[in-house]
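Structural characterization, general
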Amino acid sequence: MLIGNIEIKFPVVMAPIAGMTDEPFRRIVMECGAGMTTTELLSAKALTLDSGKTKRMLPFIDEPGPVAAQIFGGEPEVMRDAALMVEAGRADMIDINFGCPVKKVTKTGGGAALLRDVKMAGRITATVVAAVKKPVTAKIRIGWDLRTVNVVEMAKTLEDAGVAAVAIHGRTASQGYSGVADWDAIAKAAAAVKIPVIGNGDIRTPESAVWRLESSGCAGVMVGRAALGAPWIFGWIRSFLETGKYGTIATVEILNVAQRHLAMMATCYGEVAAMRKMRGWLGYYTRGLRNGAAFRREINRVEGIEPLGALMEEFFGADPGVIKEEGTVATS
Ligand SMILES: Cc1cc2nc3c(=O)[nH]c(=O)nc-3n(C[C@H](O)[C@H](O)[C@H](O)COP(=O)(O)O)c2cc1C
């Protein structure tokens, strides 16, 4: 898949997830075979007001790519200025968020609010595209609510405004994460534009990824929640695409990934913050594993990266085994 002049060697990409797709996790999913990553959504206004905290969330200079930085906002000039700042850094592309339904975002006139104002979405996009040389992409939902599904109109407008690709989450903003993603709506939009469309929503297994890739007319697919605590899903999808089969993961391999993740977070945030963040991630890494609840209680009682690491070794080393979907996790 080509996004502007950027080659995405594997058309299965990691979805942006606020609080999760930070630099350490982006590295982890790239190591596991994702085709590209995106930062979480960043406020264009905060970037232009010189917020150090927001700037630190931009792609790191030495991180593997392709990586996009995602910005949101409702004012064309602020979005343009933020895009220029993003362009000056590591990001390979600038992604505009037109899908976030959270009030904090929509009340700025940005995110999913723009699904209700297609003209303004087009204006913001055209202003950004005119200002930068790097490819500009957009991430949208299929509409504001089920009565006003306008995904085809939105995709065409963004294409006309110059985006190099569009990612579509097959839900409306009002749905939040309830119901199921409407892949028929995604397919209609994919058929209506020439730019690559990346379909998104409810891909949880290699089977569903390959099915959507093959049946939706999308150039690529995007995986979100299923990759949290299971980044190896990207390798499995690749394997399933190439051979019709995919492997299992031993608990000792989960330990290896979790240890690398912890080490990268320690480098990025320092040991204290890394330990706190790892507690949250271990909730994902132990999802469905026997004795996981007891382990999660235990890790909340220790302080320091070393005792946490020791507990991780003990837990995964003791081979807590499988109670996930059959065939997805093997015991070591
Ligand atoms: C906690 C959470 C945070 C999210 N943050 C973002 C975000 O910052 N930017 C964005 O475009 N989408 C965001 N999303 C939406 C995801 O990128 C994706 O579209 C959605 O989860 C559907 O894909 P999935 O079913 O594979 O998870 C978020 C989703 C969740 C659950």
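Above: the structure in question.
1. Observations concerning the sheet that holds strand 8 (residues 165-172)
- Across the sheet, eight strands lie side by side as 3-10-9-8-7-6-5-4; this open sheet has parallel pairing. The open sheet has two free edges, formed respectively by strand 3 (12-14) and strand 4 (37-43), since each of these has just one partner strand. Between one strand axis and the next, the sheet turns by 30 degrees as a mean value, whatever way the strands run.
- Its contacts with the sheet place helix 6 (residues 118-131) against strand 6 (93-98) and strand 7 (136-143), and it is angled at close to 170 degrees to strand 6.

2. Considerations on the pattern of salt bridges
- Across all of its chains, the model carries 14 salt bridges by this definition.
- A salt bridge links Arg90 to Asp92, with the shortest nitrogen-to-oxygen separation between them at 3.0 Å. When sorted by exposure, Arg90 lands in the same class as Asp92, which is buried.
- Between Arg171 and Asp202 there is a salt bridge whose closest N-O contact spans 2.7 Å. In this pair, Arg171 sits in strand 8 while Asp202 sits in the loop between strand 9 (197-200) and helix 9 (206-215), placing the two residues 31 residues apart along the sequence.

3. A look at the environment of Leu158
- When you line up the elements, Leu158 lands in helix 7 (residues 151-161).
- Judged by its relative accessible area of 0%, Leu158 falls in the buried class.
- Those residues in contact with Leu158, other than ones at most four positions away along the chain, are Phe98, Ala121, Thr125, Ala138, Ile140, Val163 and Val166.

4. Brief notes about the site of the ligand
- In the vicinity of the ligand lie 17 residues, with Pro16, Gln70, Asn200, Asp202 and Arg225 positioned nearest.
- For the ligand, an oxygen atom lies 2.7 Å from a polar atom in the backbone of Pro16.
- Interatomic distance of 2.7 Å between a side-chain N/O atom of Arg225 and an oxygen atom of the ligand.
- For the shell around the ligand, the residue count by class is seven nonpolar, six polar and four charged.

Quick notes on the rules
- Residues numbered from 1 in each chain as written.
- Predicted model: local features only at pLDDT ≥ 70, side-chain atom pairs only at ≥ 80, totals over all residues.
- Heavy atoms only, no water.
- Pairing = 2+ DSSP bridges.
- Helix = DSSP H or I, 4+ residues; strand = E, 2+ residues; numbered from the N terminus.
- Axes fitted to C-alpha atoms, helices over the stretch in contact; angles between N-to-C directions.
- Contact = heavy atoms within 4.5 Å.
- Salt bridge = Lys/Arg side-chain N within 4 Å of Asp/Glu carboxyl O.
- Buried < 20%, exposed > 50% of the residue type's maximum accessible area, 1.4 Å probe, protein only.
- Near = heavy atom within 4 Å.
- Polar contact = N/O pair within 3.5 Å; in protein donor to acceptor, adjacent residues only side chain to side chain.
- Nonpolar A, V, L, I, M, F, W, Y, C, P; charged D, E, K, R; others polar.

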